[in-house]
Amino acid sequence: MLQQIKFPSGTVNYYFDSKVELLWELFATRQVVLITDKNVASLYPALFRGRNTIILQGGESSKDYSTVVSICNRLIEFESTRNTLLIGIGGGVITDITGFVASVYMRGVSFGFVPTSLLCMVDAAIGGKNGINLGLHKNMMGTISQPEFILYDTRFLKTLPDAEWSNGFAEIIKYGCIFDANLFEELRNSTLSAYRADSIALQSVIDRCVNWKNTTVQTDEHEKGIRKLLNFGHTAGHAIETLYKIPHGCAVGIGMLIACEISTAVTGLNPNTSWQLLLTLTQYNLPTQISIDVQNVMSILRSDKKRNKNTVDYIVLSAPGNAGIQPLPFNVIENALNIYESNN
Ligand SMILES: NC(=O)c1ccc[n+]([C@@H]2O[C@H](COP(=O)([O-])OP(=O)(O)OC[C@H]3O[C@@H](n4cnc5c(N)ncnc54)[C@H](O)[C@@H]3O)[C@@H](O)[C@H]2O)c1
Ligand SMILES: [Zn+2]
């Protein structure tokens, strides 16, 4: 099912409820280069056989400058031109790096995504942000440019490892927290295994999240206002993810708990919400405890992209489904982090 969604910088063709093989019909006459990672390539060999494919090691460490250079060199070997279409087939690492390379190779070529992880389906593939990391700094280099298309084929989820399901649900829980109290409630009353066993419920949750992300980005593509709300749980989350090499969704889950803690202090969020969130995270097999070195986390936060001189723009909740942006002095964040200090 094709649906065209207009963003300020371009229109994206969404092929919902589709089969990946549709790609070969859609782009039969174009030079296509596929970018994927080792896991996806080895699980779906028939998809890549006989096609120009760049297979990355995968994982967060692939999202760096040296991978960009090596992909560009491979594109030159494939004699890729400005008309070449790059298609990222994989999780968020693959879509981020594909979008980034496509934005800079020959000053920009077309690109599209086939998200294969849940996290990528509900979040990473959508919105036109394409970033790579710079050392410890997540997504420090990047562009905003929209893909030509995003194709959804949920058959890929059959091979998704358990931990990646949880990562995806962390972002789904995030949408509930910031935009959608009914979704938060639905998630609270369900579990990861229930969704995995009910493809209709799962599809409806994916559609709901895709819709939330699309409408947010449509009104604020360059993250001047409402799009910032999508960073709920990500400020401390990114710092923890980078320092402790824990998966994105796990770090975001902890980040959301920290943000709720802060919210209770600054917006008067009912402390019950933190408790509900904690229980919900456990229902989706996400961790709720971590031991951190607060000073190390703070030093990353001090170089966060969202920082001002003495404050960081933090996403806080006043109730489930109701989020806002609040510049917070570093010491308020430090206080909330202290409960996770490893030396306590
Ligand atoms: N651009 C954005 O707006 C945005 C938003 C959210 C997250 N992100 C980025 O996305 C990344 C996280 O995404 P992710 O969790 O998808 O990471 P990922 O790409 O590393 O995928 C997670 C793991 O799942 C495997 N995998 C993917 N699909 C599979 C399948 N169908 N079957 C079996 N294994 C499969 C991958 O090989 C990988 O090991 C982070 O780098 C994050 O910064 C970007
Ligand atoms: Zn995220």
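Each value, and the rule that gives it
Residues numbered from 1 in each chain as written. Chains lettered and ligands numbered in written order. Predicted model: local features only at pLDDT ≥ 70, side-chain atom pairs only at ≥ 80, totals over all residues. Domains from an automatic or database assignment. Contact = placed C-beta atoms within 7 Å. Helix = DSSP H or I, 4+ residues; strand = E, 2+ residues; numbered from the N terminus. Nonpolar A, V, L, I, M, F, W, Y, C, P; charged D, E, K, R; others polar. Near = placed C-beta within 6 Å. Pairing = 2+ DSSP bridges. Axes fitted to C-alpha atoms, helices over the stretch in contact; angles between N-to-C directions. Buried ≥ 20, exposed ≤ 12 C-beta atoms within 10 Å, placed from the backbone. Parallel < 35°, antiparallel > 145°, perpendicular 65-115°, else oblique. Left-handed = near helix turned anticlockwise from the far one by under 90°.

S.K.: Would you explain the domain arrangement of the protein in this entry?
M.R.: Often the size quoted for an interface is simply the accessible area lost on bringing the parts together. The assigned domain composition of the protein is domain 1 (2-159) and domain 2 (162-340). Just the C-alpha atoms count here: the centres of domain 1 and domain 2 sit 25 Å apart. On the domain 2 side, the residues contacting the 18 residues of domain 1 number 22 residues. It is helix α6 (residues 118-124) that contributes the most residues to the side of domain 1 that touches domain 2, five residues altogether. Here the residues of the side of domain 1 that touches domain 2 sort into 10 nonpolar, six polar and two charged.

S.K.: I tried to follow the site of ligand 1 on my own but got confused; where do I start?
M.R.: Ligand 1 sits among 30 residues. The nearest are Asn39, Gly91, Gly92, Val93 and Ser117. Those elements that provide at least two residues to the shell around ligand 1 are α2 (38-43), α5 (92-104), α6 and α7 (162-178). Its residues placed into classes, the shell around ligand 1 shows 10 nonpolar, 13 polar and seven charged. Looking at which domains feed residues into the shell around ligand 1, each of domain 1 (2-159) and domain 2 (162-340) gives three or more.

S.K.: Where do I start with unusual backbone geometry in this structure?
M.R.: Across residues other than glycine, the phi torsion is negative in most instances, and most of the peptide bonds are trans. Even without a glycine there, the phi angle at Arg107 is positive, about 60°. Relative to the helices and strands, Arg107 is located in the loop between α5 and β6 (110-115).

S.K.: Whenever I open this one, the sheet that holds strand β2 (residues 10-15) confuses me. Can you help?
M.R.: Two pairing modes exist for strands in a sheet, parallel and antiparallel, and in both the strands are linked by backbone hydrogen bonds. Read across the sheet, seven strands follow the order β1-β2-β9-β6-β5-β3-β4 without closing on themselves; strand pairing throughout is mixed. At either margin of the open sheet sits one strand with a lone partner, and together these are β1 (2-7) and β4 (53-56). Neighbour to neighbour, the strand axes of the sheet diverge by 20° on average, direction disregarded. Bridge count between strand β3 (residues 32-37) and strand β5 (residues 85-90): four bridges; the pairing is parallel. The residue of β5 that forms the bridge with Val32 is Leu85. In this fold α5 packs onto β3, β4, β5 and β6, with an angle of close to 165° to the strand it touches most, β5.

S.K.: What exactly am I supposed to notice about the pairing of β5 here?
M.R.: Taking burial as the measure, the six residues of β5 include six buried ones, the bulk of the element. Burial along β5 is two-sided: Leu85, Ile87 and Ile89 facing one way and Leu86, Gly88 and Gly90 facing the other are all buried. Here six bridges tie β5 to β6, and the two strands are oriented parallel to one another. Each bridged residue has a counterpart across the sheet, and for Leu85 the counterpart in β6 is Ser110.

S.K.: Would you mind going over the packing of α7 against helix α8 (residues 181-188) with me for this structure?
M.R.: Between two packed helices, the angle of one axis relative to the other and the distance separating the axes together describe the packing. Packing of α7 against α8 brings their axes to within 6 Å, and their N-to-C directions diverge by 135°. One finds that α7 runs oblique with respect to α8. Classified by chirality, the crossing of α8 by α7 is left-handed. Residues Ile172, Ile173, Tyr175, Gly176 and Cys177 of α7 pack against Leu183, Phe184 and Leu187 of α8.

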